[in-house]
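Residues per chain, in single letters:
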Amino acid sequence: QHDPNIKHNRTSIVHLFEWRWADIAAECERFLGPNGFGGVQISPPNEHIVLDSPWRPWWQRYQPIGYNLCSRSGNESELRDMITRCNNVGVNIYADAVINHMCRTGSGEGNHSSCGSWFSAPKKDFPSVPFTQSDFNDDKCTTASVKIENYSDANQVRDCRLVGLFDLALEKEYVRDKVADYMNKLIDMGVAGFRVDACKHMWPGDLSAVYGRLHSLNTDWFPVGSRPFIVQEVIDLGVEPITSSEYLQLGRVTEFKYGAKLGAIFRKWNGEKLVYSKNWGEGWGFMPNGNALVFVDNHDNQRGHGAGGAAIATFWDSRIYKMAVGYMLAHPYGVTRVMSSFRWNRHVVDRKDQNDWQGPPSHDDGSTKSVPINADHTCGDGWVCEHRWRQITNMVIFRNVVNGQPHSNWWDNQGNQVAFGRGNRGFIVFNNDDWELDVTLNTGMPGGTYCDVISGQKEGSGCTAKQIHVDGDGRAHFKISNSDEDPFVAIHADSML
Ligand code: QV4
Ligand code: CA
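Keep in mind the model is a prediction, meaning the values are calculated, not measured.

Caption draft 1: Structural detail: the UniProt feature "domain: Alpha-amylase C-terminal" (unreviewed entry) in the protein. Here the UniProt-annotated "domain: Alpha-amylase C-terminal" (unreviewed entry) positions come out as residues 408-496. Strand forms 52% of residues 408-496 and helix 0%; the C-alpha atoms that close the span are 19 Å apart.

Caption draft 2: Structural detail: the UniProt feature "domain: Glycosyl hydrolase family 13 catalytic" (unreviewed entry) in the protein. Summarizing the sequence annotation, UniProt attributes the feature "domain: Glycosyl hydrolase family 13 catalytic" (unreviewed entry) to residues 11-399 in the numbering used throughout. Secondary structure across residues 11-399 comprises 24% helix and 13% strand; the distance between its end C-alpha atoms is 7 Å.

Caption draft 3: Here's a closer look at the state of the cysteines. Under the criterion given, the structure shown has five disulfides. Between the sulfur atoms of Cys-28 and its disulfide partner Cys-86 the distance amounts to 2.1 Å. Of note, the bridge from Cys-28 to Cys-86 carries an S-S torsion of about 90 degrees and is right-handed in sense. Of this pair, Cys-28 sits in helix H1 (residues 21-32) while Cys-86 sits in helix H2 (residues 76-88), and the two are 58 residues apart along the sequence. For Cys-28, a relative accessible area of 0% corresponds to the buried category. You can call Cys-86 buried: its relative accessible area is 0%. Two residues, Cys-70 and Cys-115, share a disulfide whose sulfurs are 1.9 Å apart. The sign of the 135 degrees torsion about the S-S bond sets the Cys-70-Cys-115 disulfide as right-handed. Here Cys-70 is found in the loop between strand E2 (39-42) and H2, whereas its partner Cys-115 is found in the loop between strand E5 (109-110) and strand E6 (119-120), with 45 residues between them in sequence. For Cys-115, a relative accessible area of 28% gives the class partly exposed. The thiol sulfur of Cys-103 is not disulfide-bonded, and the nearest other cysteine sulfur, from Cys-115, lies at 14 Å.

Caption draft 4: Spatial organisation of the pattern of salt bridges. Evaluated as defined, the whole model comprises 29 salt bridges. Between Glu-29 and Arg-85 there is a salt bridge, with its nearest N and O atoms 2.8 Å apart. Taken together, the residues Glu-29 in helix H1 and Arg-85 in helix H2 connect sequence positions 56 residues apart. Given the relative accessible area of 35%, Glu-29 is considered partly exposed. Here Arg-85 falls in the partly exposed class, since its relative accessible area comes to 26%. The shortest N-O distance in the salt bridge between Asp-96 and Arg-195 comes to 2.8 Å. Pair noted here: Asp-96 is in strand E3 (residues 92-97) and Arg-195 is in strand E8 (residues 193-196), with a separation of 99 residues, a long-range link. With respect to burial, Asp-96 and Arg-195 carry one shared label: buried.

Caption draft 5: Region of interest: the site of ligand 1. Around ligand 1, 20 residues are found, and the nearest of them are Trp-59, Arg-104, Lys-147, His-201 and Asp-300. One nitrogen or oxygen atom from the side chain of Lys-147 is found 2.6 Å from an oxygen atom belonging to ligand 1. For ligand 1, whose unbound accessible area comes to 930 Å², protein coverage reaches 76%. Of the residues assigned to the shell around ligand 1, the class counts are seven nonpolar, seven polar and six charged.

Caption draft 6: Looking closely at the coordination of the calcium ion (ligand 2). The protein atoms that coordinate the calcium ion (ligand 2) are Asn-100 (OD1), Arg-158 (O), Asp-167 (OD), Asp-167 (OD) and His-201 (O), at distances of 2.4 to 2.5 Å. Sequence spacing of the donors to the calcium ion (ligand 2): N-x57-R-x8-D-x33-H. Pair noted here: Asn-100 is in the loop between E3 and strand E4 (101-104) and His-201 is in the loop between E8 and helix H5 (204-212), with a separation of 101 residues, a long-range link. A relative accessible area of 1% places Asn-100 in the buried class.

Criteria and cut-off values
- Residues numbered from 1 in each chain as written.
- Chains lettered and ligands numbered in written order.
- Predicted model: local features only at pLDDT ≥ 70, side-chain atom pairs only at ≥ 80, totals over all residues.
- Heavy atoms only, no water.
- UniProt positions renumbered as here; feature names shortened; annotations may be inferred.
- Helix = DSSP H or I, 4+ residues; strand = E, 2+ residues; numbered from the N terminus.
- Disulfide = S-S within 2.5 Å.
- Buried < 20%, exposed > 50% of the residue type's maximum accessible area, 1.4 Å probe, protein only.
- Salt bridge = Lys/Arg side-chain N within 4 Å of Asp/Glu carboxyl O.
- Near = heavy atom within 4 Å.
- Polar contact = N/O pair within 3.5 Å; in protein donor to acceptor, adjacent residues only side chain to side chain.
- Areas by Shrake-Rupley, 256 points an atom, 1.4 Å probe, with all protein chains shown as cover.
- Nonpolar A, V, L, I, M, F, W, Y, C, P; charged D, E, K, R; others polar.
- Donors = N, O, S within 2.8 Å, 3.2 Å for Na, K, Ca; no water.

Structure below.
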């Protein structure tokens, strides 16, 4: 299913990485609903390993112990309460489903798991599901280490262990049933779909069998017969035999080329310039529009995991980050996902971040801190809350206002100054050159005075930002200094004064 089931003409998803369920519920009610966010991608809600060394890394949640619904983000009743409250304000919940594997081989035996369930890695025994030895792919995998050794061999990528994680035998009806039972429990609780982890490592036929077992969405909140939205994590940068195209008919797929290229453009690396983005989207060799889930950065590549490398723009480089996210949200290609992060002690030595493992802000006992909201609406205690940055929130709203309108009225200076509109509903101008932009452009917008939603915003009948005067022919004068705090300007139908 390619449709995110989003309500009220909203368009964007935010990933509240490692947030607690109680905080997500509050955020839906106090911020996401009122500001037009369509949904939240949550961290994996199932039982996961708990690690001491390193201490409580974020990635322990990608090592399942079973499908009980207690995790670092909270217990089952907190999860249920959050899903209910978010749905009640029209904000969808998408769960991160880790179904390719369980924990890693060297995980020992005991109750070091988020619900306290006993398991044994040496015996390959996970009684809370239950999965036993015969539910894993070890006999199918042909590498000496039983791990994935070579990504140019599709068989081992699917049947061997990803970084030593026990690989589930999804060809077995029993394993498919257990995985589908878990996902169906979440669907019945009210989730609108899934981000499916590590899809490159699962056969499309096996995934199709799992998806085919899924219930339709809960009719308390969704029309009868609505199917769960599926986003499949497949990293395809064009250099491996496994391609995203194998997964497109099953659901949407993460377009990893998008953030890697957009980061390079705004950083002006590899000779990239904004002008080259005139045919952004399929023109750049990305997958068909209707299949793509797009993002500037994700929880992996913002810290050097996954794909994209140093070109990826993140909150650490906030000025170009806001421009890149603004560009993504203004452009019609794909379903858009905004990242919302926590800060960690980034410490790069020889291009490798020594602290890339560090988990979310937490108390001494390892429990995750809740997210305090400051008087200026930003977040405290190490939570970055990019989705609350005014420029980003306002561009989420921009995307809703221009939804369905074509990419139009392109202008460029053949360098790093570009502008484009969305029919007669919105217009955006970027200056990523090292000199001033000073130009009169055809915006396609009805005449009137508009409030820029980047340098400030419309408040009541007033405007805290630059004002843009569009004349009766749709023309407007723009002046953007290269030293402006945010060298871009955006106006839309609802920002007219
Ligand atoms: C280490 C060595 C391995 C060795 C292993 C066992 O690096 O070579 O085989 O020990 O001795 C963590 C550690 C990793 C460690 C592994 C097993 O970081 O160094 O291996 O545990 O102990 C996240 C993290 C991983 C983490 C994993 C499990 O990113 O670092 O591994 O969780 O805790 C590919 C995939 C793609 C994947 C991407 C990161 O195609 O699917 O790599 N992305 C998703 C998630 C990602 C998650 C996983 C998949 C796994 O987005 O967050 O990995 O669920 O491109
Ligand atoms: Ca596999």
